[in-house]
Amino acid sequence: MGGYNVTSTTEIGWRWRDLEGNENKYRSDLNYKQGLRSFDTNLLLESDSGKGKYFDSLLISNSGWGSDPQGFTRVNVEKTGVYKFNGTVRRVSYFNNLSNHALGQHTSNAKNTMGDFDFTFRPQDEKIRYNFGISFYDYNGPGTTNIRAYSDEFQTTQSTNNRATDFRFGVEGKLFGFNYGLTQGVRIFRDRSAYEITDLNLGNNPTNNARLTSFRRYFPTDGNSYFTSANLQRTFAKKLDFSGKIYILNTRSNMTMIEIMSGRDSSNNFVDLARFDIYALNKRLQKRGDIGLTYNFNEKFRISNTFSFDDFDVNGGESLEEALLRRNAAGNPLATSIVRSRAYRVNSYTRYVNTIEGDYQFNNSIAGHVGYRYTNRSVDVIGYDATLTSAPSATNPNIILESEKNSTHTLIAGMKIKPIKIG
């Protein structure tokens, strides 16, 4: 068809389902529904290399869409010497509602949709190839869970809403005898999950005083991660092999937690307002990399050295404000409680590892290796905790200064022995 060889398989069907028993138990285990669904479906168009007008090959595959709990679609398109595209979309429906787990109060009916799209320009070019990519993640749906307050547990509705998107750009190829690769990207994520009680809730123990008339907790979170990865490799004179790679990640996030509730506490006091406001900012900078050298003296003996490092710093601060307004059982106001606190941490971790190792092939049946590894680790924690609504004291603010270091020396040795010939 139009100069292409076409191979196609299409399977579409209808599932009839006859269920006897508990619907929630069945869906929690299998979640197959009655209705239309696509089975394995494939469409392949191929032409001679480089002779297709817009593409030389096109493959479309999908399965599971419709009444299945999971499905996927994959598209692969390529025109030799010009471009290559791979795209995949996956969806998983997650259902959980079991009466014998957490009193049946932990439930979920969510959908998780994920996708990856990668485009390469000039994929057969040895000197330079350009890569572009996008990925996304979307998890949302209703459910229930429970919270603990005033020595009791209360079931709440739960709305889950998590999203993330990745953007990538990179180049790879060969230059001056070196194989190289470089990728730069950014990940943007957010969370808008929430928990609520809108009617009178007596809790799991209805005979005590604790009860909630309203409850709301939500976590608006936004953040991004910038990442860079690079690699370099070359073999000199078929004797010395060099390889190195580095990965840098810079993540920032801004999180808020707001919780508001009202009702009665375990002492039968009226709780007109219990509110918590937490604001947090944090940053993580991580660097990882390694450099390796391997020298082949001959077919039997080689020696290698690998140096790697891992370094990250996590710093973040938070502020907490708590307000509690109550009345006793007779309706008389009790003292208002206000708490304000601040906290900050800087966590630093550094590790260096160097491994030198020699391998010797005595004959076709016996080989051995011996090596030495040195590891050095250091961890530092700096920060403070302060309660602003309490008087200053020896522990308010509480200053935190911690530092730990250790190093290890390891001998590595082993053998590989084949006592008999196989085949």
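Definitions and limits used
Residues numbered from 1 in each chain as written. Predicted model: local features only at pLDDT ≥ 70, side-chain atom pairs only at ≥ 80, totals over all residues. Heavy atoms only, no water. Helix = DSSP H or I, 4+ residues; strand = E, 2+ residues; numbered from the N terminus. Rg over C-alpha atoms; globule rule 2.2 N^0.38 Å. Buried < 20%, exposed > 50% of the residue type's maximum accessible area, 1.4 Å probe, protein only. Contact = heavy atoms within 4.5 Å. Areas by Shrake-Rupley, 256 points an atom, 1.4 Å probe, with all protein chains shown as cover. Lys, Arg positive; Asp, Glu negative; His and termini not counted. Charge placed at Lys NZ, Arg CZ, Asp CG, Glu CD. Core = buried A, V, L, I, M, F, W, Y, C linked by side-chain atoms within 4.5 Å. Salt bridge = Lys/Arg side-chain N within 4 Å of Asp/Glu carboxyl O. Pairing = 2+ DSSP bridges. Polar contact = N/O pair within 3.5 Å; in protein donor to acceptor, adjacent residues only side chain to side chain. Phe/Tyr/Trp six-rings, centres within 6.5 Å; stacked < 30°, edge-to-face > 60°. Lys NZ or Arg CZ within 6 Å of the ring centre and 35° of its normal.

A. Layout of the overall build of the protein. Scanning the protein from terminus to terminus reveals one helix and 20 strands. Compactness check: the protein gives a C-alpha radius of gyration of 30 Å against a globular reference of 22 Å for 423 residues, more than 25% above the reference. Along the first, second and third principal axes, the C-alpha set of the protein runs to 90 × 65 × 50 Å. Relative to its full complement of 423 residues, the protein shows a buried share of 31%. Residue pairs in contact within the protein that sit at least 24 positions apart in sequence constitute 63% of those at least 6 positions apart. Total accessible area computed for the protein in this model is approximately 25500 Å², and 55% of it derives from carbon and sulfur atoms. Looking at charge distribution, the protein has the averaged site of its 52 positive side-chain charges lying 5 Å from that of its 43 negative ones.

B. Molecular detail of the nonpolar core. Membership of the largest hydrophobic core is limited to twelve residues, which are I147, A149, F154, Y195, I197, A210, L212, F215, M261, V271, A274 and L324. Within the residue set of this core, elements represented by two or more residues are β9 (129–149), β12 (194–197), β13 (211–218) and β16 (270–296). The contacts of V271, once residues within four sequence positions are left out, are Y150, M261, S262, G263, R264, D265, L324, L325 and R326. In this structure, Y4, F55, L58 and Y83 belong to the second largest nonpolar core, which totals six residues.

C. Seen up close, the pattern of salt bridges. With the rule as written, the count across this model stands at 21 salt bridges. Of the charged contacts in the structure, one is a salt bridge between D222 and R192, with a shortest N-O distance of 3.1 Å. With D222 in strand β14 (residues 221–236) and R192 in the loop between β11 (178–191) and β12, this residue pair connects regions lying 30 residues apart in the sequence. R192 gets classed as partly exposed once you look at its relative accessible area, which sits at 31%. Between R326 and D265 there is a salt bridge, and its shortest N-O distance comes to 3.7 Å. Of this pair, R326 sits in strand β17 (residues 301–327) while D265 sits in the loop between β15 (240–264) and β16, placing them 61 residues apart in sequence. One salt-bridge network, in which partners are shared between bridges, spans R15, R37 and D68.

D. Representation of the pairing of strand β18 (residues 337–361) in the model. Across 24 bridges, the pairing between β17 and β18 is antiparallel. Paired with F307 across the strands is N354, a residue of β18. Pairing between β18 and strand β19 (residues 366–387): 21 bridges, direction antiparallel. Each residue of the ladder has a partner; that of T355, found in β19, is R373.

E. Spatial organisation of the pairing of strand β7 (residues 83–96). Across ten bridges, the pairing between strand β6 (residues 70–79) and β7 is antiparallel. Within the sheet, the bridge partner assigned to K79 lies in β7 and is Y83. Counted along the chain from β6 to the antiparallel partner β7, the turn is three residues long, and its residue G81 has a positive phi close to 85°.

F. Molecular detail of the side chain of S93. Inspection of the secondary structure puts S93 in strand β7. In this structure the side chain of S93 is engaged in a polar contact, spanning 3.1 Å, whose partner is the side chain of K111. Among residues more than four places away in sequence, those in contact with S93 are N31, P69, A110 and K111.

G. Highlighting the packing of aromatic side chains. Within this structure, the stated rule accounts for 15 aromatic pairs. Relative to Y352, the ring of F307 lies with its centre 6.2 Å away and its plane at 20°, an arrangement referred to as stacked. Within this pair, whereas F307 is found in strand β17, its partner Y352 is found in strand β18, the two being separated by 45 residues in sequence. For F307, a relative accessible area of 31% translates into the label partly exposed. When the ring of F312 is compared with that of Y349, the centres are 5.2 Å apart and the planes differ by 25°; the resulting orientation is stacked. Here F312, found in strand β17, pairs with Y349, found in strand β18; they are 37 residues apart in sequence, far enough to count as distant. The two residues F312 and Y349 agree in class, both being buried. Grouping aromatic residues by their ring pairs yields a cluster made of Y295, F297, F301, Y360 and F362. Over the face of the ring belonging to F95 we find R27, whose NZ or CZ atom lies 3.9 Å from the ring centre. Sitting above the plane of the F270 ring, R327 keeps its charged end 4.7 Å from the centroid.

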